[in-house]
Amino acid sequence: MISVDTVTIERVCQGDVIRDVEYCESAESIEGIIEVNKIIFPVVVVLTQDCDLLWDDTYRINEKPNDKWLMSVLLAPAYNADHLFSGVHLEELGIISEAFKRQSTDYKRIIQNKNPRYHYLEFPDEVHIVPSVIDFKHYFSAPVTYLRTLKRTNCACKLAPLYREDVCQRFSSYLSRIGLPNGQ
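Before going into details, it helps to say that this report is about the structure given with it. (Residues numbered from 1 in each chain as written. Predicted model: local features only at pLDDT ≥ 70, side-chain atom pairs only at ≥ 80, totals over all residues. Heavy atoms only, no water.)

## Comments concerning the overall build of the chain
Our working rule: For the purposes of this entry, the term helix denotes a DSSP run of H or I that reaches at least four residues, the term strand denotes a run of E that reaches at least two, and both are numbered from the N terminus. Radius of gyration here uses only the C-alpha atoms, and the compact-globule reference equals 2.2 Å multiplied by the residue count raised to the power 0.38. Relative accessibility decides the category of a residue: with a 1.4 Å probe and only protein chains considered, values under 20% of the type maximum give buried, values over 50% give exposed, and everything between is partly exposed.
When its secondary structure is counted, the chain shows five helices and eight strands. Starting at the N terminus and ending at the C terminus, the chain contains elements arranged as β-β-β-α-β-α-α-β-β-β-α-β-α. Computed over its C-alpha atoms, the radius of gyration of the chain comes to 18 Å, within 12% of the 16 Å expected for a compact globule of 184 residues. In terms of overall dimensions, the chain has C-alpha extents of about 55 × 50 × 40 Å along its principal axes. Each of the 184 residues in the chain was classed as buried or not, and the buried ones make up 39%.

Pasting the structure below:
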């Protein structure tokens, strides 16, 4: 089980766990009508470094030069673990995912955070979020101002410093992996 902090800071922080975050998948104009397709992620974790988020907030509030402002914040969805293990977590998007049998080695590696692509989270009872799995392959970004407004009503908790650093370290390691030819 992870440790969380109570949410008292108004600005967006690394490790914030925010509910119902919208992601604009596409927008196109069809005969003068703009059609927007969006995905609403039930739970996301903020991955952007806290020092960058602090600078952004400080410079926005004090109306200082805006070279410290961020264009967007990096996020990763945290899927319901049971849905991910069953392979149905993305079926509403028409995506068929691999299922992981409960006693399989792959399942155990995810639960133990030994699979580089995934990070398993189990929240304390007071947070009211089911066990979840972050899929580092599905990271996306959202505007700082949108998240700041959303955080006021939709922030479930904030990962405690050691846990948020672990998540972000694992994410950066996943992103910096070296791809091998021929699927090796």
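## Quick word on the pairing of strand β8 (residues 155–159)
Quick reminder of the rule: Strands are treated as partners if at least two bridges between them are detected by DSSP.
Burial analysis of β8 places four of its five residues in the buried class, the great majority of the element. Here two bridges tie strand β1 (residues 4–5) to β8, and the two strands are oriented antiparallel to one another. In the sheet register, Val4 faces β8, and the bridge partner there is Leu159. Bridge analysis of strand β2 (residues 16–30) against β8 gives three bridges, and the strand direction is antiparallel.

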